[in-house]
Amino acid sequence: MPWKNQGGGPWGSGPKGPWGSGPQPAGPRPPDLEDLLRRAQDRLQQFLPGGYFSGLGIALILLGVIAIWGMSGFYRVQSEEQGIVLRFGKYVRDSYPGLNYHLPYPIETVLLPKALRVSTLSIGMTLIDDPARRGRTMRDVPEESLMLTGDENIVDVDFTVLWRIKPKVVDPHGVADFLFNIQNPEGTVKAVAESAMREVIGRSNIQPILTGARTSTELAVQELMQKTLDIYGSGILVQQVQMQKVDPPAQVIDAFRDVQAARADLERLQNEAQTYANRVVPDAKGRAAQILQVAEGYKQQAVADARGQSARFLKVYEEYKKAPDVTRQRIYLETMEHVLGSSEKLIYDGGPGAQGVVPYLPLSELTPRHSAAPAAQPQSGSSR
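Remember, predicted model here, so these are calculated numbers, not experimental data. (Residues numbered from 1 in each chain as written. Predicted model: local features only at pLDDT ≥ 70, side-chain atom pairs only at ≥ 80, totals over all residues. Heavy atoms only, no water.)

1. Re the sheet that holds strand β7 (residues 108–111)
The strands that make up a sheet are held in pairs by hydrogen bonds between backbone atoms, and each pair lies either parallel or antiparallel.
No. 1: Across the sheet, three strands lie side by side as β5-β4-β7; this open sheet has antiparallel pairing. One side of each edge strand has no neighbouring strand; the edge strands of this open sheet are β5 (90–95) and β7. Strand-to-strand twist of the sheet, defined as the mean angle between neighbouring strand axes without regard to direction, takes the value 30 degrees.
No. 2: Summarising the sheet, strand β4 (residues 83–87) and β5 pair through five bridges and their orientation is antiparallel. If you follow Val 85 over to β5, its bridge partner there is Arg 93. (Pairing = 2+ DSSP bridges. Helix = DSSP H or I, 4+ residues; strand = E, 2+ residues; numbered from the N terminus. Axes fitted to C-alpha atoms, helices over the stretch in contact; angles between N-to-C directions.)

2. Looking at the nonpolar core
A general tendency of soluble globular proteins is for nonpolar side chains to be buried together.
No. 1: Core analysis: the biggest nonpolar cluster contains 33 residues, and Val 157, Phe 159, Val 161, Met 197 and Met 225 have the highest contact counts within it.
No. 2: Residue contributions to this core peak at seven residues, all from helix α5 (residues 185–202). (Core = buried A, V, L, I, M, F, W, Y, C linked by side-chain atoms within 4.5 Å. Buried < 20%, exposed > 50% of the residue type's maximum accessible area, 1.4 Å probe, protein only.)

3. Focus on unusual backbone geometry
Most peptide bonds take the trans configuration, and most residues that are not glycine carry a negative phi.
No. 1: Here Tyr 105 and Pro 106 are connected by a cis peptide whose omega angle stands at 10 degrees.
No. 2: Residue position: Pro 106 is located in the loop between β6 (98–101) and β7.
No. 3: Phi is positive for Glu 152, close to 65 degrees, though the residue is something other than glycine.
No. 4: Inspection of the secondary structure puts Glu 152 in the loop between β11 (146–148) and β12 (154–165).

4. Here we look at the pattern of salt bridges
No. 1: Applying the stated criterion across every chain yields a total of 11 salt bridges.
No. 2: Among the salt bridges present, the one from Glu 318 reaches Lys 321, with a minimum N-O distance of 3.7 Å. Placement of both Glu 318 and Lys 321 in helix α8 (residues 253–322) is noted, with a separation of three residues, approximately one turn of the helix.
No. 3: Looking at Glu 318, the relative accessible area reads 40%, which means it is partly exposed.
No. 4: Of the residues examined, Lys 321 reaches a relative accessible area of 47% and is grouped as partly exposed.
No. 5: Close ionic contact of Arg 328 with Asp 325 constitutes a salt bridge, the shortest N to O distance being 3.0 Å. (Salt bridge = Lys/Arg side-chain N within 4 Å of Asp/Glu carboxyl O.)

5. Some words on a nonpolar patch on the surface
No. 1: A contiguous nonpolar patch, built from Met 71, Phe 74, Leu 99, Tyr 101 and Leu 103 and spanning about 530 Å² of accessible area, is present on the exposed surface.
No. 2: Checked against the element boundaries, Phe 74 lands in strand β3 (residues 74–77).
No. 3: On the accessibility criterion, Phe 74 (48% relative accessible area) is partly exposed. (Patch = residues over 30% accessible without salt bridge, like charges linked within 9 Å, V, L, I, M, F, W, Y side chains within 5 Å. Areas by Shrake-Rupley, 256 points an atom, 1.4 Å probe, with all protein chains shown as cover.)

6. Overview of the packing of aromatic side chains
No. 1: In this structure the tally under the stated criterion is one aromatic pair.
No. 2: A ring pair is formed by Trp 163 and Phe 178, whose centres lie 6.4 Å apart and whose planes are at 35 degrees; its orientation type is tilted. Here Phe 178 lies in helix α4 (residues 174–180) and Trp 163 lies in strand β12, a separation of 15 residues in the sequence. In this structure, Trp 163 and Phe 178 share a single accessibility class: buried. (Phe/Tyr/Trp six-rings, centres within 6.5 Å; stacked < 30°, edge-to-face > 60°.)

7. Some details on α5
No. 1: Taking 1.5 Å per residue, 18 residues should reach 26 Å; α5 reaches 26 Å between its end C-alpha atoms and fits that length.
No. 2: Within the span of α5, buried status applies to Pro 185, Thr 188, Val 189, Val 192, Ala 193, Glu 194, Ala 196, Met 197, Val 200 and Ile 201. (Expected span 1.5 Å × (residues − 1).)

In structure tokens:
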């Protein structure tokens, strides 16, 4: 325009615009792009004698491009990754952690799935941001956790699934199946886990699920999940299923807790009764056995005594037949000795001029006194 040749344009002299003074320089000016390109061209012309389009220049450029293209095949596999090399889209080999090489694109490409990482998937609960606590909190997802049991009750189940890609020792084609057979691995695992848990819960009653059947339920869900994923050819290994929370729905949880408390009291009373029975029954059995043993001993004693008396009677009878008078006299004396041996005795003299009852000296009573007197002498001497 004509104003460019004037000193400052139509608004006056100097570098001014229509609104006053022009921009003032502040610091060093940026380099001119055209100037840089011109300098690079000049240096390239000096390096390539004969110009750009000479035979040597074109060859050097092609060699540089080929070298850069060949070096693009180097790649690094991280510690938890496994490389899957594809040649024109077809699986050809695996690569392991470290620096590896494949033919440059588009001949070969590499996929790097996290084959050694164990992933965690939560069902029935999710993490959400909580601005009040400045962190993340767990929120229940009822549409995933509410399930119908076999006895037509509803239970709220939150569980976690630990899964990973099948290692090579388990399935040589596990990583390839994981990459090419399923499109959304995490969504597939979540859908299979929820379906398996609902099937297992639907075959069980609510009471064992709430109390002591957690381990068996987890194992059943894990086996059913693995079977389904193997049918899909997913290349996924289910390592563990963990039931985090198993409760009745919130609307009836208080009533279920009362039922659980009543069942706990019932079990406690049954255990106490069984403990009392375990203590009383052996005691009663022991006393009964003791009574039986005493009765058996008394029986044997009575039989032996009766047999002894009968044998003695027979022997006395044999002697009686030999000498009836002597035997009769001896039996009489023995009988009187047995009857009068422990009775108080009085001697009566009934002859003429007798004095009636005659006192006698009780020698049997005096004998213990004479034997006790020497034993008392050392005591009296010691008291002195």
